[in-house]
Amino acid sequence: MKYFSNKYMLIYSLALAAVVAALLSVVAMSLKSRQDANVRNEKMKMLLTTIGVECKTNDVQSVYDQYFKEELSIEKDDDDRPLTIYLYEKEGQHGYVIPTQGNGLWGKIYANIALADDLNTIVGITFSHESETPGLGAEITTEAFRNQFIGKKILDENGEVVSVAVVKHADAADLHQVDAISGGTMTSNGVSEMLINELQRYQHYITETLSDRKEATDEQ
Amino acid sequence: MNSNRKKLIVNPLSKDNPITVQVLGICSCLAVTAQLKPAVVMAISVTVVIALSNLIISLLRNTIPPRIRIIVQLVVVSALVILVNQILMAFVYDVSKQLSVYVGLIITNCIVMGRLEAFAMTNKPFDSLLDGVGNGLGYGIILVILGFVRELFGSGSLWGYPIFEKLGLYNIGYENNGFIIMAPMALILVGIIIWIQRSRNEA
């Protein structure tokens, strides 16, 4: 066997590492803008699905602009993340989409909740996740699970955020409950927790908006 | 192309198939074959990674100190896998999301390291390239068969096109077999392929 000195091995590995690192950095940087555009498109597609618009063309941006008029970002003093609200208009109806994030069983889970103009009734919802189990927890992204949320309410009679809980044997008539996923209890619990925690952050905004609106109508 | 070189490509397709004969790379083959499209993309990605890493390692083979050869191989393989992942993320984002961690896991695919150790370290570059392409295709052909069967009977579609719905099979009482989308069924299908292949090759 050929003899290789320690010095040779050291220089060899360093050189290899340097070449590989340089190559990968160049590729990563040159593809960055394309990848970012993909991520943005994906996000817009998700928001469109949330309000029930299926985007078939590749020109997601123009479809998005057609429906989504404004993106509000409200800084909160006691929170590190700003409140984000997307305002949309579909078939003459105004509404709001609230993005949320929380923890599933294995990783982060996300949801976009589309609310009707009353900031109460859910008109659509989409979920995405990083690493929930396919066939079990990952079922949260299916239409069967998502459709359960449509028509549910997030506020109680006093205007307090009570969210929608994901529970076993949910009562279909209950406006604050949907059925959990069999075999996906941990993910279902994660969804419940994410919805209540995240929606409660919007309590102040919802109360203010609704009372402002009430005042405006009262004055007329 | 002489017969020895031809064998490098042809043998891994059936007689020496990495999945059904050597039983390597089973994990990803169960995970990404629920639909045809990710299976094809995975097959292409793995073929590219095996072929190029075989070529590179073969070119470097006389300069690689034996004591650090595994590390050198790993660095080359990981660099190629990261490249493939970046390209998938830039050009076929939806597929790259479906393949998720399995692209990264090509690094640990036994077929890749196996070919480097068994072939590329001791053979000439062009032969190594052919060997890599052959083994990649051998892996890929099984993936594509599985993806085809599983998507057709599991979801009633091919490449996302709802073929059974268009044929009107649901109207006459046909139902998709949900079990076929789960990983255990892929393993059973691999078993069936091995069975067919053995009985054919031994006859």
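Above this note sits the structure.
These numbers come from a predicted model, not from an experiment.

(A) Up close: helix H1 (residues 6-50) of chain A. When the local axis directions of H1(A) are compared, the greatest deviation, roughly 50°, occurs at Lys32(A). After H1(A) finishes, the residue Gly52(A) shows a positive phi value of roughly 80°.

(B) Inspection of the pattern of salt bridges at higher detail. With the rule as written, the count across this model stands at 8 salt bridges over all chains. For Glu198(A), the salt bridge goes to Arg81(A), with nearest N and O atoms at 2.8 Å. On the criterion of sequence distance, the pair formed by Glu198(A) in helix H4 (residues 185-201) and Arg81(A) in the loop between strand S1 (68-74) and strand S2 (83-90) is long-range, its members being 117 residues apart. Two residues, Lys37(B) and Asp94(B), come together in a salt bridge whose shortest N-O distance is 3.6 Å. Placement of Lys37(B) in helix H3 (residues 36-60) and of Asp94(B) in helix H5 (residues 93-99) is noted, with a sequence separation of 57 residues between them. Overall, the relative accessible area of 27% leaves Lys37(B) in the partly exposed class. Through salt bridges with shared partners, a single ionic network connects Arg81(A), Glu198(A) and Arg201(A).

(C) Representation of a negative patch on the surface in the model. Residues and elements named next belong to chain A. Among the surface-exposed residues, Glu208, Asp212, Glu215, Asp218 and Glu219 lie close enough to one another that they form a single negatively charged patch. Inspection of the secondary structure assignment puts Asp218 in helix H5 (residues 203-219). With relative accessibility at 57%, the residue Asp218 sits in the exposed group.

Conventions we followed
Residues numbered from 1 in each chain as written. Chains lettered and ligands numbered in written order. Predicted model: local features only at pLDDT ≥ 70, side-chain atom pairs only at ≥ 80, totals over all residues. Heavy atoms only, no water. Bend = angle between axes of the 7 residues up to and from the residue. Helix = DSSP H or I, 4+ residues; strand = E, 2+ residues; numbered from the N terminus. Salt bridge = Lys/Arg side-chain N within 4 Å of Asp/Glu carboxyl O. Buried < 20%, exposed > 50% of the residue type's maximum accessible area, 1.4 Å probe, protein only. Patch = residues over 30% accessible without salt bridge, like charges linked within 9 Å, V, L, I, M, F, W, Y side chains within 5 Å. Areas by Shrake-Rupley, 256 points an atom, 1.4 Å probe, with all protein chains shown as cover. Lys, Arg positive; Asp, Glu negative; His and termini not counted. Charge placed at Lys NZ, Arg CZ, Asp CG, Glu CD.

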